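# Tertiary structure, described
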Amino acid sequence: MDGPPGGSTPVTPVIKAGWLDKNPPQGSYIYQKRWVRLDTDHLRYFDSNKDAYSKRFISVACISHVAAIGDQKFEVITNNRTFAFRAESDVERKEWMQALQQAMAEQRARARLSSAYLLGVPGSEQPDRAGSLELRGFKNKLYVAVVGDKVQLYKNLEEYHLGIGITFIDMSVGNVKEVDRRSFDLTTPYRIFSFSADSELEKEQWLEAMQGAIAEALSTSEVAERIWAAAPNRFCADCGAPQPDWASINLCVVICKRCAGEHRGLGAGVSKVRSLKMDRKVWTETLIELFLQLGNGAGNRFWAANVPPSEALQPSSSPSTRRCHLEAKYREGKYRRYHPLFGNQEELDKALCAAVTTTDLAETQALLGCGAGINCFSGDPEAPTPLALAEQAGQTLQMEFLRNNRTTEVPRLDSMKPLEKHYSVVLPTVSHSGFLYKTASAGKLLQDRRAREEFSRRWCVLGDGVLSYFENERAVTPNGEIRASEIVCLAVPPPDTHGFEHTFEVYTEGERLYLFGLESTEQAHEWVKCIAKAFVPPLAEDLLARDFERLGRLPYKAGLSLQRAQEGWFSLSGSELRAVFPEGPCEEPLQLRKLQELSIQGDSENQVLVLVERRRTLYIQGERRLDFMGWLGAIQKAAASMGDTLSEQQLGDSDIPVIVYRCVDYITQCGLTSEGIYRKCGQTSKTQRLLESLRQDARSVHLKEGEQHVDDVSSALKRFLRDLPDGLFTRAQRLAWLEASEIEDEEEKVSRYRELLVRLPPVNRATVKALISHLYCVQCFSDTNQMNVHNLAIVFGPTLFQTDGQDYKAGRVVEDLINHYVVVFSVDEEELRKQREEITAIVKMRVAGTASGTQHAGDFICTVYLEEKKAETEQHIKIPASMTAEELTLEILDRRNVGIREKDYWTCFEVNEREEAERPLHFAEKVLPILHGLGTDSHLVVKKHQAMEAMLLYLASRVGDTKHGMMKFREDRSLLGLGLPSGGFHDRYFILNSSCLRLYKEVRSHRPEKEWPVKSLKVYLGVKKKLRPPTCWGFTVVHETEKHEKQQWYLCCDTQMELREWFATFLFVQHDGLVWPSEPSRVSRAVPEVRLGSVSLIPLRGSENEMRRSVAAFTADPLSLLRNV
């Protein structure tokens, strides 16, 4: 029988197996029958052919020779031991001797090829961990070695060096688990091995090593075999160890497991380490081909061109030696082959742009390694970066290499000079010592409470950038240590989270979590501050000025720099996320409860946390899974509602709770004309479930018509306001409001309301205004919904003042606020006019939909074209009131299965065929009002904005937010309504700033001839040909006056670049600098923001005639309801 029970297949093939008599080591003449098995690596013997694990094994590499000694006996001789066996016949003895001699010859041939002589054992593989352990069933400690995917057992260290062991365990069938503080079990289907270590730290290290062996045993060698097809890739690029099964995908070198550990310590900015056997998803066909083309051959010709023999690594080199060598080799570039253009940045960049269009990958590697800018400008607006050039040239391998090196840092010999990264900054010296209680380190987040018994008391010392922990204060050798440079995150859980009142968590680059505990508040605070100072660089020291729940470094992307991830420092305090980026000072904190979006993008292995706040978007990448998951959970918790008061809720831009936004806007959209709105009650169970989900995370709750009834939503809003602990008007001021309602003089009463409104907390004040504004809109349609001001006051008085309904003064306050809405809340006529226009646009769409019978409430169906106006490219799409131009664009692309590639600036254009001009809509612009104003000769088309990239580059490079210069100008006033253009094109001088566009007759003029507010202008690209424009680079500008009169004029530039600069500046000043989204996101159509501008939209229901009458009355005189003010 050639295999263990259960059909386990040995990794190496069996050369010969059978029964032999073996002479015991004491030299007795009594032979014992043993089942002996020989493979290419080991000679093993067992008590039975059914045993899975041997009594002894002898490494073939250690056998010096085999000799016959008569009577069918033969000896297997090693350097220090001789093993005697007896066969049943001379023929069988001869077969065994020949098999052994053949195995020895093959082993020596392999050893000569690999040049690996480790620990005195020729051809043996260096262990991942080795040392003494107690094993149940043995009196003395055994020497245990974890080698590759096996755990080897030896009687002692001497026999380990001799290559003579007891047995080895194939970890493909093994599993390890903790038993107690020092013990653990290695379980297989055939036997349980119960080990005990000398300390808790040692147990953790053994567990980690054995879990690594299991992972290696379960991995596949398919990728490794393909990459090893290139001869240089068969040996580690750094130390020469054979069969390396790890790689650095940005450096394009194949490395062994021991070097891979040191590569990780360099950080992802220097080396991105992946396993050839376990990280299967990483190894695409393109990446494998890249390693076959570059790999260790080209890699070492560049990185190791000048390594002195005395500094070269060996497979047996110590970890510290490896670390120093790899620091010098890759971080400092000490041994690299310098490119002839080294030091000339401009020439390096030019050479890189030329190299990426060819197949010369080694040249690209050398240029990047010597400082060429991976994102340098190529000079071609159509392909502005090396990556774009490579794509344009169809060089897929160059593209793969460039993508993998987007975040790679240029080697620097002066590595101690302050740089962007943490590792190159000289951190301040911090020292502290004392007793801490520590649990075993973990490789995953701590979901369960750790009991006090699970903590061990340790003497801890922080000094010279290392946190060491000892068995006691008298111990000389530490049980373990954590280097400050390896700390990536420090977290402070709430009190009593674990067995000790105060705890803190330390996360390291090696994906380990260390939990420490203390009872003393002051001592815990001091330890946290000292550790934070030890690993946070001076760049981010401002983050230490206040207490935090979480502090650390994370890769991020922000602003226009989305090509290259950088490393920033973050601290989480309450609901504020503070950040310090390499290129600037401390950023304004993100108010997490005011986020517009909090989402997770990417797959489970490459997650990105997207945080969208007004005017900025932040992408935090999950490079290290352990600390990223901790950050993700903490940020999600901080962004949720924290309590029952208004200020603790998730808030919108105007400091109004999202829960109020959601309910008010849904009712505005779907229930404004519902009879008895707010008077009728919803179903209790549905109302309760809705309110619970809103309180938990209102931002993620999306109310949909048909799924929630308006009465359920209105009841949820009323219950939320009634249940506020302090009330909407606050307990301190509630009585003053009620007393103010009894003032007889109307002007004095309104003045008193205004005084009290100012005294309310900001969130309460904003919420009161939003709610009263909504109720004002509700009563505007009381003919339909039967809810006039008095009826609304009866419902909301007791709700807002939390009374039992017996106090009439509560209702009177609400009634007064609605009646005097314009005066109390200082609402000007411009705000009402804007609301009127938005309502008119919505209602016209609704009326059209009702008449045709083809439209649901709130939506308008229109035709949008893809790329050009053709019958085969048209798409009929439903436009809800909340849809933006970006959402419409993505919807069209989704329908036609058009993928968005990098540098594809897909945009929705408003095309005016009569004027022969088009206007790219801003990505945040609402589509519905545009549709309302489209004429019969206009349409919408989705296509690529060819000039956007050049415009963004111009905006990123310019200084200031103004532009001035000469342009050709022509005005078109449509005289007397006849459409007669006035005059021709004339030279004029223009100045465009953040507030207005000014026209001067000439450069020396002091007074402008004309001036227009910039945000009221619509700028179209193109000038109609019948005007005979002097150049082909012109645009049409439209201005609508307060009297709704349209002015139109035409401007022409001398060059295309000049046109793009003017147009980019228009967009920049009109949209407060946000010209293009940081990164287009797939916005779900199920997440409508049911607001247009700053005022809630009011869709109308009921019959068509009722809608027409209501809109007509409101449009004609919006102030008719305020005559009593």
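Residues numbered from 1 in each chain as written. Predicted model: local features only at pLDDT ≥ 70, side-chain atom pairs only at ≥ 80, totals over all residues. Heavy atoms only, no water.

Let's shift gears to the overall build of the protein chain. If you tally the helices and strands in the protein chain, you get 30 helices and 48 strands. Counting only residues that meet the buried cut, the protein chain has 54% of its 1125 residues in that class. The long-range share in the protein chain, meaning contacts at least 24 apart out of those at least 6 apart in sequence, stands at 59%. When the accessible area of the protein chain is evaluated, it comes to approximately 51,000 Å², of which 48% is carbon and sulfur surface. (Helix = DSSP H or I, 4+ residues; strand = E, 2+ residues; numbered from the N terminus. Buried < 20%, exposed > 50% of the residue type's maximum accessible area, 1.4 Å probe, protein only. Contact = heavy atoms within 4.5 Å. Areas by Shrake-Rupley, 256 points an atom, 1.4 Å probe, with all protein chains shown as cover.)

Bridging between strand E37 (residues 906-912) and strand E38 (residues 917-920) involves 4 bridges; their strand directions are antiparallel. Across the sheet, residue Glu910 finds its bridge partner in E38, namely Arg919. Between the antiparallel neighbours E37 and E38 lie 4 residues, among them Glu916 with a positive phi of about 55°. (Pairing = 2+ DSSP bridges.)

As a further point, take the sheet that holds strand E10 (residues 129-135). The 7 strands are arranged E14-E12-E11-E10-E17-E16-E15 in an open sheet whose pairing can be described as antiparallel. Looking at which strands have only one partner, the edges of the open sheet turn out to be strand E14 (167-170) and strand E15 (175-178). For this sheet, the mean angle separating the axes of adjacent strands, direction not counted, is 35°. Inspection of the sheet shows strand E16 (residues 183-187) paired to strand E17 (residues 192-196) by 5 bridges, in the antiparallel sense. In the strand pairing of E17, Ser183 is matched with Ser196. Across the sheet, helix H3 (residues 200-217) is in contact with E10, strand E11 (142-147), strand E12 (150-154), E15, E16 and E17; its angle to E15 comes to roughly 160°. (Axes fitted to C-alpha atoms, helices over the stretch in contact; angles between N-to-C directions.)

Here we take up the packing of aromatic side chains. Under the definition given, this model contains 34 aromatic pairs. Just above the ring of Tyr1020 sits the side chain of Arg919; from NZ or CZ to the centre is 5.9 Å. (Phe/Tyr/Trp six-rings, centres within 6.5 Å; stacked < 30°, edge-to-face > 60°. Lys NZ or Arg CZ within 6 Å of the ring centre and 35° of its normal.)

Look at helix H17 (residues 710-722): 18 Å from first C-alpha to last across 13 residues, which is about the 18 Å you get at 1.5 Å a residue. Burial runs high along H17: 11 of the 13 residues are buried. Taken residue by residue, H17 has Val710, Asp711, Asp712, Val713, Ser714, Ser715, Ala716, Leu717, Lys718, Phe720 and Leu721 as its buried positions. (Expected span 1.5 Å × (residues − 1).)

Now for the pairing of E15. Two elements, E15 and E16, share 4 bridges in a ladder whose sense is antiparallel. Looking at the pairing, Lys177 lines up with Asp185 of E16. What sits between E15 and E16 in their antiparallel hairpin is a turn of 4 residues.

Attention now goes to the sheet that holds strand E18 (residues 246-248). Within a sheet, each strand pairs with its neighbour through backbone hydrogen bonds, oriented either parallel or antiparallel. Reading across the sheet, the 3 strands line up as E19-E18-E20 and stay open at both edges, with antiparallel pairing between neighbours. The sheet terminates laterally at strand E19 (253-255) and strand E20 (273-275), the two strands that pair on one side only. The sheet shows a mean angle of 35° between the axes of neighbouring strands, direction not considered. Alignment of E18 against E20, held across 3 bridges, turns out to be antiparallel. Residue pairing in the sheet places Ser248 in a bridge with Val273 of E20.

A cluster of acidic residues, Glu744, Asp745, Glu747 and Glu748, forms a negative patch on the protein surface. The topology assignment puts Glu744 in the loop between helix H18 (731-740) and helix H19 (746-759). In this structure Glu744 comes out as exposed when scored by relative accessible area, which is 75%. (Patch = residues over 30% accessible without salt bridge, like charges linked within 9 Å, V, L, I, M, F, W, Y side chains within 5 Å. Salt bridge = Lys/Arg side-chain N within 4 Å of Asp/Glu carboxyl O. Lys, Arg positive; Asp, Glu negative; His and termini not counted. Charge placed at Lys NZ, Arg CZ, Asp CG, Glu CD.)

Across the 9 residues that make up helix H12 (residues 396-404), a large majority, 7, are buried. Every buried residue of H12 is listed here: Leu397, Gln398, Met399, Glu400, Phe401, Leu402 and Asn404. Where H12 is buried, its residues touch helix H6 (285-293), helix H9 (345-355), helix H10 (361-369) and helix H11 (386-392).

It is worth spelling out the side chain of Ser183 at this point. As for its position among the elements, Ser183 is in strand E16. According to the relative accessible area criterion, Ser183 is buried, its value standing at 14%. Side chain to side chain, Ser183 and Ser196 meet in a polar contact 3.0 Å long. For Ser183, the contacting residues outside a window of four places in its chain are Glu178, Phe195, Ser196 and Lys203. (Polar contact = N/O pair within 3.5 Å; in protein donor to acceptor, adjacent residues only side chain to side chain.)

The next thing to look at is the packing of H9 against H10. One can describe the packing of H9 onto H10 by two numbers: an axis separation of 9 Å at closest approach and a directional angle of 155°. By the angle between their directions, the pair H9 and H10 is classed as roughly antiparallel. H9 and H10 meet at a crossing whose hand is left-handed. Only Glu363, Thr364, Leu367 and Leu368 of H10 make contact with H9, whose side of the interface consists of Leu348, Ala351, Leu352 and Ala355. (Parallel < 35°, antiparallel > 145°, perpendicular 65-115°, else oblique. Left-handed = near helix turned anticlockwise from the far one by under 90°.)

Another point: the confidence of the model for the protein chain. Should the pLDDT be low somewhere, the predicted coordinates at that spot are not to be read in detail. For the protein chain, per-residue confidence averages 81 on the pLDDT scale, and 85% of positions sit at 70 or higher. No element of the protein chain has a lower mean pLDDT than strand E48 (residues 1095-1096), which averages 34, and none a higher one than E19, which averages 95. Confidence drops under pLDDT 50 across residues 415-427; counting only partners more than four residues distant or on other chains, this segment forms 30 contacts. Within the model, the stretch residues 1080-1125 combines pLDDT values under 50 with 105 contacts to residues more than four positions away or in other chains. (pLDDT = per-residue confidence, 0-100.)

Attention shifts here to the pattern of salt bridges. For the coordinates displayed, the defined rule picks out 50 salt bridges. Arg86 is the salt-bridge partner of Asp21, the closest N and O atoms lying 3.3 Å from each other. Here Asp21, found in strand E1 (residues 14-22), pairs with Arg86, found in strand E7 (residues 82-86); they are 65 residues apart in sequence, far enough to count as distant. On the basis of relative accessible area, Arg86 is assigned to the partly exposed category, the value being 30%. Of the charged contacts, one joins Glu1061 and Lys963 as a salt bridge, the two residues approaching to 3.3 Å between their closest N and O atoms. Of this pair, Glu1061 sits in helix H29 (residues 1056-1070) while Lys963 sits in strand E40 (residues 963-972), and the two are 98 residues apart along the sequence. One network of salt bridges, in which partners are shared, links Arg914, Glu915, Asp937 and Lys1024.

This paragraph deals with the packing of H6 against H12. Two numbers describe how H6 lies on H12: the axes approach to 10 Å, and their chain directions differ by 95°. Between H6 and H12, the angle is such that the two are roughly perpendicular. Here H6 contributes Thr286, Leu287, Glu289, Leu290 and Gln293 to the contact with H12, which in turn contributes Thr396, Leu397, Glu400, Phe401 and Asn404. Its residues assigned to classes, the contact of H6 with H12 comprises 4 nonpolar, 4 polar and 2 charged. (Nonpolar A, V, L, I, M, F, W, Y, C, P; charged D, E, K, R; others polar.)

Moving on: unusual backbone geometry. With a phi angle near 55°, Asp464 is a residue other than glycine that sits in the positive phi range. Structurally, Asp464 can be placed in the loop between strand E22 (456-463) and strand E23 (466-470). Given a relative accessible area of 72%, Asp464 falls into the exposed group. At Ser826, a residue that is not glycine, the phi angle is positive and equals roughly 55°. Here Ser826 is to be found in the loop between helix H24 (821-824) and helix H25 (829-852).

Looking at the secondary structure, you find Lys350 in helix H9. Given the relative accessible area of 47%, Lys350 is considered partly exposed. Between the C-alpha atoms of Lys350 and Pro386, which are 36 residues apart in sequence, the distance is 9.5 Å.

In terms of nonpolar packing, the biggest core is built from 69 residues, with Tyr678, Phe729, Trp737, Phe796 and Leu800 touching the most fellow members. Considering each element in turn, this core owes the most residues, 10 residues, to helix H20 (residues 762-780). In this structure, Phe729 is in contact with Arg734, Trp737, Leu760, Val768, Leu800, Phe801 and Leu817, ignoring residues within four places of it in sequence. The next biggest cluster of nonpolar side chains, apart from the first, holds 37 residues, and it includes Ala351, Ala383, Leu387 and Leu397. (Core = buried A, V, L, I, M, F, W, Y, C linked by side-chain atoms within 4.5 Å.)

Within the secondary structure, Glu949 is located in helix H28 (residues 948-957). Each residue touching Glu949, except ones within four places of it in the same chain, is listed here: Pro381, Pro384, Lys903 and Tyr905.

This brings us to the environment of Arg136. Its location among the elements puts Arg136 in the loop between E10 and E11. In the structure, Arg136 is positioned 58 residues away from Ser194 in sequence and 5.6 Å away in space, judged by C-alpha atoms.

As a further point, take the environment of Phe923. Turning to its location among the elements, Phe923 is positioned in the loop between E38 and helix H27 (928-933). As for Phe923 and Thr907, which are separated by 16 residues in sequence, their C-alpha atoms are 7.5 Å apart. In contact with Phe923, not counting residues within four places along its chain, are Thr884, Ala885, Glu886, Leu1074, Val1075, Trp1076 and Pro1077.

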